[in-house]
Amino acid sequence: MVLSIAELHRSKAGRRSFWWLLFLLPLLPLAYIAEAAYSLDLGADPAQTIVTFFGIWTLRFLFLTLAVTPCRRLFGWNWLQRYRRMFGLYTLFYACLHLLSFATFILGWRADLIARELSERPYIIVGFVAWLGLVALGITSTRGWVRRLGRHWQQLHYLVYPIALLAMLHFAWLIRAGFGEVLGYALVLLALLGHRVIYWWKRRSRVQHA
């Protein structure tokens, strides 16, 4: 499977076809929740169901984005690198849907409620800060911003790691789920960040002993 994908990327038509496949697949969760809403199949609390659904998919796409580098290093999936920005932008897309659905269906765009949530509820503050970070990364993800920021671009995009921790904290605070689900996501994040720590430590050790 990996070999076939690598071979597919050797041709322009193959790369284009696979790009469209990976562009359309992340829209399936949106299609699913839209169909569920149309069918009135959102449970006893439709508003909370929608907000939670988009929040979970934000976290999943964030983890998928973070998984690109470990997969490239461990399995040689170099072709995956070209799609990291796409995954990151889909993370921002679902984060915006999460925020918009919360403001629309839970708060009704009432300024007093929005102000109170942002000043009194820690999990809302944490989630909003994470969203602001994703917006900053999304805006600066273009080639133009890479050229403008130069070496500072990479430093800015290291913010994805604290953003991931804030998103996980927001999820753990907010989600209406059992301890097992929260623990599962936390272990995935631990593995993704732990890989980077181990890689950095080994690289630092090699430099010191060179």
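In this text, all values refer to a predicted model and were calculated from it rather than measured experimentally. (Residues numbered from 1 in each chain as written. Predicted model: local features only at pLDDT ≥ 70, side-chain atom pairs only at ≥ 80, totals over all residues. Heavy atoms only, no water.)

**A few points about the overall build of the protein**
Next up, step 1: Along its length, the protein carries eleven helices and zero strands.
Next up, step 2: If you list the helices and strands of the protein from N to C, you get α-α-α-α-α-α-α-α-α-α-α.
Next up, step 3: Going through the 210 residues of the protein one by one, you find that 37% of them count as buried.
Next up, step 4: Taking contacts inside the protein between residues at least 6 apart in sequence as the whole, the part at least 24 apart equals 66%.
Next up, step 5: Here the protein displays about 13,100 Å² of accessible surface, and carbon together with sulfur accounts for 67% of that area. (Helix = DSSP H or I, 4+ residues; strand = E, 2+ residues; numbered from the N terminus. Buried < 20%, exposed > 50% of the residue type's maximum accessible area, 1.4 Å probe, protein only. Contact = heavy atoms within 4.5 Å. Areas by Shrake-Rupley, 256 points an atom, 1.4 Å probe, with all protein chains shown as cover.)

**Some remarks on the environment of Thr 69**
Next up, step 1: Residue placement: Thr 69 occurs in helix H4 (residues 46-75).
Next up, step 2: By relative accessible area, Thr 69 is classed as buried at 6%.
Next up, step 3: Thr 69 sits 22 residues away from Thr 91 along the chain, and the two C-alpha atoms are 16 Å apart.

**Remarks on the nonpolar core**
Next up, step 1: In this structure, Leu 59, Phe 63, Leu 66, Met 168, Phe 171, Tyr 185 and Leu 189 are the most contacted members of the largest nonpolar core, which totals 22 residues.
Next up, step 2: Where this core is concerned, the elements lending two or more residues are H4, helix H5 (84-106), helix H7 (122-139), helix H10 (160-174) and helix H11 (179-208).
Next up, step 3: Met 168 has contacts with Leu 59, Phe 63, Val 182, Tyr 185, Ala 186 and Leu 189, leaving out every residue within four places of it along the chain.
Next up, step 4: Judged by nonpolar contacts, the second largest core, of 20 residues, contains Ala 36, Phe 53, Cys 71 and Leu 97. (Core = buried A, V, L, I, M, F, W, Y, C linked by side-chain atoms within 4.5 Å.)

**Details of the UniProt feature "transmembrane region" (unreviewed entry) in the protein**
Next up, step 1: With numbering aligned to this structure, UniProt lists the feature "transmembrane region" (unreviewed entry) at residues 18-38, 50-68, 89-111, 123-146, 158-176 and 182-201.
Next up, step 2: Secondary structure within residues 123-146 divides into 88% helix and 0% strand; the distance between the first and last C-alpha atoms comes to 32 Å. (UniProt positions renumbered as here; feature names shortened; annotations may be inferred.)

**Observations concerning the packing of aromatic side chains**
Next up, step 1: This structure, assessed with the given rule, holds 22 aromatic pairs.
Next up, step 2: Ring plane angle 50° and centroid distance 6.0 Å describe the contact between Phe 23 and Tyr 90, whose orientation is recorded as tilted. Taken together, the positions of Phe 23 in helix H2 (residues 12-24) and Tyr 90 in helix H5 put the pair 67 residues apart, joining distant regions of the chain.
Next up, step 3: Judged by its relative accessible area of 28%, Phe 23 falls in the partly exposed class. (Phe/Tyr/Trp six-rings, centres within 6.5 Å; stacked < 30°, edge-to-face > 60°.)

**As for the environment of Leu 134**
Next up, step 1: Assignment of secondary structure puts Leu 134 in helix H7.
Next up, step 2: Accessibility expressed as a relative area gives 10% for Leu 134, which makes it buried.
Next up, step 3: Taking the C-alpha atoms as reference points, Leu 134 and His 157, 23 residues apart in sequence, are found 9.6 Å from one another.
Next up, step 4: Not counting the four nearest positions on each side in its chain, Leu 134 is found in contact with Thr 91, Leu 92, Ala 95 and Ile 163.

**Some details on the UniProt feature "domain: Ferric oxidoreductase" (unreviewed entry) in the protein**
Next up, step 1: According to UniProt, the feature "domain: Ferric oxidoreductase" (unreviewed entry) maps to residues 55-167 in the numbering used here.
Next up, step 2: Between the C-alpha atoms that bound residues 55-167 the distance is 9 Å, and the span itself is 83% helix and 0% strand.

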